[in-house]
Structure formats: structure tokens, C-alpha cells
Amino acid sequence: MRESTTDTPTPGRAELRPLPDFCSGPVIYALLIMASITVTVMWLAPNNSHGWRGFSVGMLFADWLAVVIGVALCKLRPLLMRLPGRAGYAGVWLAMVLIVAVGSALVHWMDAAMQMALLSDSTDDFVLNNTLIAALLGAAMLRYFYLLAQWQTRLEAVTQAQVSALQARIRPHFLFNSMNTVAALVRVDPAAAERTVEDLSELFRAALGEHSTRDGTLGEELGLVDRYLDIEQLRLGERLRVRRELDDLPDAFPLPRLLLQPLVENAVRHGIQPLREGGEVILRGRRERGDILIEIDNPLAGEPAPGGHGHGLDNVRRRVAYRYGPRARVVAGPEGDRFVVRLQLPAV
């Protein structure tokens, strides 16, 4: 028996994320907050002789430096990212310290040249004190960014492993039922059998991970759902009725692959299959205050099928939380005689 030589990515081999995006709003905001907190703490320190004027000048100077540092690191980021290993973080720290030192010397020179008398320290003391503060705070902030990058890398590796596991999991009952459907159609309706094989091929291509684990689009995922429902429609016949209310959804909206299809499969398996008379699966979608809302609605069977909705829903919740952040919501539960899964995904 030959062993496969194909390499597969593992969580342990995940690489460290690049430097923070210093052009982004959250990073600039963090720099401004750190600068403001530093000035406030120094002003509140015992034996501080500076009044409101000193506080205002210090706050203006610190925020100005924070903006200059953010803009400079934004421009230098492509160059710093070429440095090997952790040298990029060391380069960022050195750039921050140099900017503060040069900025402090420039501000002290301007204060003396314009005779504003806003600064009471000598040039050497002013530059040295500010440089030491920047060195300590810069090291602490970069340590935070470094640990955050490691955490995000591990989280991404775990999530990708879960997606890979989901893609590799092909439910035997679905495979056997689909193949039986194809076998029954070969002689009766060859064209329908051919379409079913094509639909099954697309489903297996997605399930086996031929596509990358990066985002697809909502249009692609809905197309995959339609192929799945076409196969189940041939098997269940009139027992399966599908209503689609999805006209308002943008096809280009980025969506993790195989996010909706397992939920629709759960709706058919646990809501339609146990009922002798079958039922209707409703797919709804709309935009609401900038968010994308998707609902999968199926009848509630008297007794839940083995396995329930739990595992698939937990997987979807983790993937949605990782991809879209805390604004996203996945809510599922009985509503009257129906079971509804509702996804709220931020459009930005």
C-alpha cells in the first residue's frame, strides 16, 4: 500500500502573522490612546508642577507624535516586513524611538526659537526623558501586538483545521442515497441521471477541498445549495418543497465555503426526511441596516433525528465568529412548529 506524499498544512506549521497594519484605524487609535494615557498618568503623578497648560501642551505633543509615528510606520511597513524573523518588530521599535527623539529635539528647538517658553527642561533632558518613555511604551505595545499576532495565527490554524475536517467529512447516507438515485435514473431518465452526477461532482469537489479554504462568495454557496437540493428533490420527490426568498442578497458577498450547505442538509435531514408527508424548507435572505440576514427554516419533526443540529451549528458559529467578529450572530431554535437558523453577517 503506497503512502501519500502530498503535504497538508497543519496548525503547528502556521507562520507568524505580519506586522500590524499601521495604516488601519484601530492601530492609529491605539497609538493615540496610549499617548493620551501616558500624558494623563504623568500629569496626575505626585509632585507634578505642571498645571492645565502643561497638560494641554503635553497632550498635543504626545498625540502629534502618535500620528507621526503611525504615518511613518505605515509608509515603512513594506520595507520592515522584508526583515527576517522578529527583526521587523525590532525595526518598528527602533523607528518609534528615533521618531520620538528627533520630534522632541525639533519641538524643543521651535519652542526656544519662537520664545514661547512652553518647555522648562533643557534640550538634553527633554529629549532623553521622552526617548526613554517611548522605548518602554513602544516595547510594551509591540509585545502586545506580537502576542496578538501569535494568538490570531493559532486561532486561524485551528479554524482552518476545522474547515478542512468539515470538507473531508462526507456523510455516508448522503453518498449512498445519491448513488442509488443515480442508479434508478440511468434507465428511466438518463438526462436527469447525468445532471445528478454533475451536481454530485460539484458537491464532492467542495467537500473534498479542491477549492482553497479561503472565502468564496454568497452566490457560489447558494449555487452549491441548489445542487444539493436538486439531488434531494429527485430522492424525496414531492415530500421536499423548497421556497427561496433570496433576491435581495448580493452574490459577491464574501462567505466561507461550505457554510450554508451543511445547514440546509440539516434542514432536510432533520426536518423533511422524518416526516411521511414531508414539508417545506424556506430559504430567506435580505439586507438590514448594512447587515446580511439569512434564514433557513424547516418543519419540526416529532422526534429529532440522531445527531440533531448541534455539531453542525457549533461549527458554523465558530467559523462565523472567526470570520466576521463579534458583530456576527448565529441564532437557532424552535419557533412554533418550525426550526429556524438565522445568520446575521456584517456587510463590512
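Keep in mind that this is a model prediction, so the values were computed, not measured.

Calculation criteria
- Residues numbered from 1 in each chain as written.
- Predicted model: local features only at pLDDT ≥ 70, side-chain atom pairs only at ≥ 80, totals over all residues.
- Heavy atoms only, no water.
- Disulfide = S-S within 2.5 Å.
- Helix = DSSP H or I, 4+ residues; strand = E, 2+ residues; numbered from the N terminus.
- Phe/Tyr/Trp six-rings, centres within 6.5 Å; stacked < 30°, edge-to-face > 60°.
- Buried < 20%, exposed > 50% of the residue type's maximum accessible area, 1.4 Å probe, protein only.
- Lys NZ or Arg CZ within 6 Å of the ring centre and 35° of its normal.
- Expected span 1.5 Å × (residues − 1).
- Pairing = 2+ DSSP bridges.
- Axes fitted to C-alpha atoms, helices over the stretch in contact; angles between N-to-C directions.
- Contact = heavy atoms within 4.5 Å.
- pLDDT = per-residue confidence, 0-100.
- Core = buried A, V, L, I, M, F, W, Y, C linked by side-chain atoms within 4.5 Å.

Caption draft 1: Representation of the state of the cysteines in the model. Enumeration over the complete set of coordinates arrives at one disulfide. Here cysteine 23 connects covalently by a disulfide to cysteine 74, the sulfurs 1.7 Å from one another. Judged by the sign of its S-S torsion, about 90°, the cystine formed by cysteine 23 and cysteine 74 is right-handed. In this pair, cysteine 23 sits in the segment before α1 (25-44) while cysteine 74 sits in helix α2 (residues 52-80), placing the two residues 51 residues apart along the sequence.

Caption draft 2: Quick peek at the packing of aromatic side chains. Scanning all chains against the criterion turns up five aromatic pairs. With centroids separated by 5.5 Å and ring planes inclined at 90°, the aromatic side chains of tyrosine 89 and tyrosine 146 adopt a geometry described as edge-to-face. Note that tyrosine 89 is positioned in helix α3 (residues 87-113) and tyrosine 146 in helix α4 (residues 123-168), a separation of 57 residues in sequence. On the accessibility criterion, tyrosine 146 (9% relative accessible area) is buried. For the ring pair phenylalanine 253 and tyrosine 324, a centre distance of 6.0 Å and an interplane angle of 5° mean the geometry is stacked. Of this pair, phenylalanine 253 sits in the loop between β2 (240-245) and β3 (254-255) while tyrosine 324 is found in helix α9 (residues 310-324), placing the two residues 71 residues apart along the sequence. You'll find phenylalanine 253 and tyrosine 324 in the same group, each marked buried. Put simply, the rings of Phe61, Trp64 and Phe126 touch in pairs and so form one group of aromatic residues. In this arrangement the basic side chain of arginine 323 is found over the ring face of tyrosine 324, its NZ or CZ atom lying 4.9 Å from the centre.

Caption draft 3: Representation of α3. With 27 residues, α3 extends 38 Å from end C-alpha to end C-alpha; this agrees with the ideal 39 Å at 1.5 Å per step. Looking one or two residues past α3, glutamine 115 carries a phi angle of roughly 55°, positive in sign.

Caption draft 4: Inspection of the sheet that holds β2 at higher detail. Taking strand neighbours across the sheet as the criterion, the five strands line up as β2-β4-β5-β7-β6 in an open arrangement whose pairing is mixed. With one partner strand each, in any of the chains shown, β2 and β6 (329-335) form the two edges of the open sheet. Ignoring which end each strand starts from, the neighbouring axes of this sheet average 10° apart. Two elements, β6 and strand β7 (residues 338-346), share seven bridges in a ladder whose sense is antiparallel. Pairing of alanine 332 across the sheet is with valine 341, part of β7. The sheet strands contacting helix α7 (residues 218-236) are β2, β4 (279-288) and β5 (291-299), and the helix crosses β2 at an angle near 160°. Packing of helix α8 (residues 261-272) onto the sheet brings it into contact with β2, β4, β5 and β7, and relative to β5 it is tilted by some 20°.

Caption draft 5: The confidence of the model for the protein chain, seen in detail. The share of residues in the protein chain with pLDDT of 70 or more is 81%, and the mean pLDDT across the chain is 79. By mean pLDDT, the top-scoring element of the protein chain is β5 (94), and the lowest-scoring one is helix α5 (residues 172-188) (69). Here residues 1-16 is modelled with pLDDT under 50, and outside its nearest four sequence neighbours on either side it reaches 12 contacts, counting other chains as well.

Caption draft 6: Spotlight on the nonpolar core. Ranked by internal contacts, the top residues of the largest apolar core, which has 33 residues, are Val320 and Leu343. Mapped by element, the contributors of at least two residues to this core are α7, α8, β4, β5, α9 and β7. With six residues, the top contributor of residues to this core is α7. Every residue in contact with leucine 343, bar those within four places of it in the chain, is listed here: Leu259, Leu260, Leu263, Ile292, Leu293, Ile294, Val316, Val320, Arg329 and Val330. Of all hydrophobic cores here, the second largest spans 29 residues; its members include Ala95, Leu142, Tyr146 and Ala149.

Caption draft 7: Local environment of unusual backbone geometry. Residues other than glycine seldom take positive phi values, yet arginine 289 does so here, at roughly 50°. Within the element layout of this structure, arginine 289 appears in the loop between β4 and β5. The class for arginine 289 is exposed, based on a relative accessible area of 74%.

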